[in-house]
Amino acid sequence: MDDLPPLTYTPVDDIPAIHQRIVNKFHTHETRTLAYRLKQLRQLYWGLKDEEPALLEAAKLDLGKSAYETYLTELGWELNDILFMCKNLERFMKDEKAEDTSLMNLAMGPRIRKDPLGAVLVIGAYNFPFMLSLGPLVGAIAAGCTAVLKPSENAPNAARIMQHIITQSLDPEAYQVVQGGVPETTALLERKWDKIFYTGGLGVGTIIAKKAAETLTPVALELGGRNPAIVTASADPRLAARRLLWAKLVNAGQVCVSQNYILVDRAILPAFLQQLETALHDFQPKGAQASEDYGRIINERQWQRLQDMLDSTSGKILFGGKTDKATLFFEPTVVQVDSADDPLLKDESFGPLIPILPVRDLDEAIRTANHVHATPLALYPFGSATDTAKILAQTRSGGASINDAFFHASIPTLAFGGVGDSGSGAYRGRASFECFTHRRSITRTPGWVEGLLEVRYPPYTPAKLKKV
Ligand code: NAD
């Protein structure tokens, strides 16, 4: 990282020309060929491989993440996503025949072409700075689009190494990085894009959607969490405790798909809390502060927000609570709350806070989850097949992992996205390709069917009507 220039924000005045450059490239049609797309994807793959140590270092500098975690939760994923895309792209690009049509319609060869949307904008978030920026970019390249990437300014080292890799590896006429914060993003939003892919919070997501609406630009919004975990009386308390605790240790809880709170059936609460304490000790035997594996909060503003949240709860801290502003340390903190309206449930913590609300039974758990947030990004039911099936049948969420946290999001062939105000649009695997693809319906009418088409031409007579 030391040999890279420091992060400099792109001058706002340069943004129209950057946008025009990638629009012009799209209109050359070169980015549409399979060969071009594969070349760019392969170059990106090797660019990432070559800079692996710098990528791991950048995540350590920005988020205190261990190299192991960065590889496990984003770099390894991203490399696999590129390989998956290279392997399947030709198949994804093939025309699809129309389903189940009449013999007459078959003569017109109805099919769907997969056309690239055009010149697109990808706006990334800080918490998984590589995956959330490069994942959509891979989809845009695979679809034959040109793109501008605006990484999060809150992970500056990740932003700088990504710019370096993209500049070295990809066609600069087609793929550009714009660095910056609100003024630069606002200038980008002034341009006309063919799609905007945004990952981040609900507030900014709303700004993006409103701005895009002015030019009828389609958007994919990957927004915030407020995800429930429900530990039913039929759950295995040890497994539930270990899996849910892990989900809050990864990236120090700065994960959109972490559970924001846990609803625990009172019948299992003592066993669950005991297992949580055991798991804390197992995972961090010397405590969180001394753990090499435990990250830090991204910046002082986010650290303060978390501290204010913790101060605002009327719940009781059961484990943790230690924090240190100077080093942005925040201990995994388990708080037992007594109301679904506690701020720890109502607001997204996006950090290592683990509020637990005891509930009487499964019905109360489902009612509470639906009351707190009707459309979370993820949902984690723990328990028997019957109990978890009932939870899924009576709730909504972007995705769900049964008896686990996150797992659905780690499957490269499962589309990932939200529902309602946790987002719209999805990506990963084939979904990444489709996110930036226009499904263009095509027919071709041969001359020989003219006789059959006679029925459509006036004058409309009763005899013709019988043939329709
Ligand atoms: P962030 O600070 O990284 O901001 C996200 C992006 O929005 C950045 O690129 C930033 O420059 C841009 N931005 C900020 N203010 C803006 C403005 N006024 N106008 C235009 N652009 C602006 O991240 P964040 O928003 O704090 O991210 C945390 C949130 O993101 C959480 O709610 C989390 O749940 C959500 N998130 C969702 C997903 C998902 O896949 N659904 C993934 C990660 C994070």
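Numbers given for residues are sequential positions, taken from 1 along each chain in its written order. Selection of residues for local features in this predicted model requires a pLDDT of at least 70, selection of side-chain atom pairs for listing and counting requires 80 or more, and totals for whole chains, interfaces and linings are taken over all residues.

Working definition: helices are DSSP H or I runs of at least four residues, strands are E runs of at least two. Numbering for both runs from the N terminus. For the chain, the count of helices and strands is 19 helices and 20 strands. On C-alpha atoms alone, the chain measures out to a radius of gyration of 25 Å, which is about the 23 Å that the 2.2 N^0.38 rule sets for 468 residues. Oriented by its inertia axes, the alpha-carbon framework of the chain measures out at about 80 × 60 × 40 Å. Neighbour density around each residue's C-beta defines its exposure: 20 or more other C-beta atoms within 10 Å make it buried, 12 or fewer make it exposed, and counts between make it partly exposed, where C-beta atoms are placed from the backbone. Burial statistics for the chain: of 468 residues in total, 45% are counted as buried. Contact between residues is assigned whenever the C-beta positions, reconstructed from backbone atoms, fall within 7 Å. Partitioning the contacts of the chain with sequence separation of at least 6, the portion at a separation of at least 24 is 70%. Restricting the calculation to C-alpha atoms gives the radius of gyration, and the globule rule supplies 2.2 Å times the number of residues raised to the power 0.38.

Before going further, it helps to examine helix H11 (residues 269-283). A helix is expected to reach a length of 1.5 Å times the quantity of its residues less one. In this model H11 runs 21 Å from its N-terminal to its C-terminal C-alpha over 15 residues, within 8% of the 21 Å that 1.5 Å per residue would give. Residues of H11 that are buried in the fold lie against strand E8 (227-231), helix H10 (237-249), strand E9 (259-265), strand E10 (316-319) and strand E13 (333-336).

Before going further, it helps to spend a moment on the packing of helix H3 (residues 52-63) against helix H4 (residues 67-93). Angles run from 0 to 180 degrees between N-to-C directions of axes, and those axes are lines fitted to C-alpha atoms, restricted for helices to the stretch in contact. Viewed as axis vectors pointing N to C, H3 and H4 meet at an angle of 105°, and their least axial separation amounts to 9 Å. When the axis of H3 is compared with that of H4, the two are roughly perpendicular. Counting all contacts with H3, which are made through Glu-52, Leu-55, Leu-56, Ala-59 and Lys-60, the residues of H4 involved are Ala-67, Thr-70, Tyr-71 and Leu-75. Tallied by class, the residues present in the contact of H3 with H4 amount to 6 nonpolar, 1 polar and 2 charged. Angular relationships are summarised with four words: roughly parallel below 35 degrees, roughly antiparallel beyond 145, roughly perpendicular across 65 to 115, and oblique for the angles in between. In this count, Pro and Cys sit with the nonpolar residues alongside Ala, Val, Leu, Ile, Met, Phe, Trp and Tyr, while Asp, Glu, Lys and Arg are called charged and the others, Gly among them, polar.

Further remarks concern the sheet that holds strand E1 (residues 96-97). Here, any two strands with at least 2 DSSP bridges between them count as paired. Strand order in the open sheet made by the 3 strands is E1-E2-E20, with antiparallel pairing throughout. The open sheet has two edge strands with one neighbour each: E1 and strand E20 (437-442). Taken together, the 2 bridges between E1 and strand E2 (residues 111-116) define a ladder with antiparallel strand orientation. In the strand pairing of E2, Lys-97 is matched with Arg-111.

Here we come to the nonpolar core. A set of buried residues qualifies as a nonpolar core if it consists of Ala, Val, Leu, Ile, Met, Phe, Trp, Tyr and Cys joined through C-beta atoms within 7 Å. Among the nonpolar cores identified, the biggest contains 123 residues, and Val-120, Val-122, Ala-140, Ala-147, Met-162, Val-231 and Ile-262 are the most heavily contacted of them. Tallying contributions element by element places helix H6 (residues 131-143) first for this core, with 9 residues. Ignoring any residue separated from it by four or fewer positions in sequence, one finds Val-231 in contact with Ala-240, Ile-262, Val-264, Asp-265, Ile-268, Phe-272 and Phe-382.

Before going further, it helps to spend a moment on the site of the ligand. In the vicinity of the ligand, 29 residues are found, and the nearest of them are Ser-152, Gly-200, Glu-222, Gly-224 and Cys-256. Where the shell around the ligand is concerned, the elements lending two or more residues are helix H8 (182-189) and helix H9 (202-214). Among the residues making up the shell around the ligand, the classes are represented as 11 nonpolar, 14 polar and 4 charged. For each residue, a C-beta atom is placed from the backbone, and the residue is labelled near a molecule or strand when this atom is within 6 Å of it.

A few words on H9. Because an α-helix packs 3.6 residues into every turn, residues spaced three or four apart end up facing the same way. Between the first and last C-alpha of H9 there are 19 Å, a value that for 13 residues agrees with the 18 Å anticipated at 1.5 Å per step. Among all positions in H9, only Gly-205, Ile-208 and Ala-212 are buried. Here the buried residues of H9 occupy an arc of 60° about the axis, which is enough to place them on one side. Exposed and facing more than 90 degrees away from the buried side of H9 are Gly-203, Lys-210, Ala-213 and Glu-214. The inward-facing, buried residues of H9 contact H8, strand E6 (195-199) and strand E7 (219-222). Looking one or two residues past H9, Leu-216 carries a phi angle of roughly 50°, positive in sign. Here the arc refers to the directions that run from the helix axis out to each C-beta atom.

Keep in mind these numbers describe shape, not what the thing actually does.
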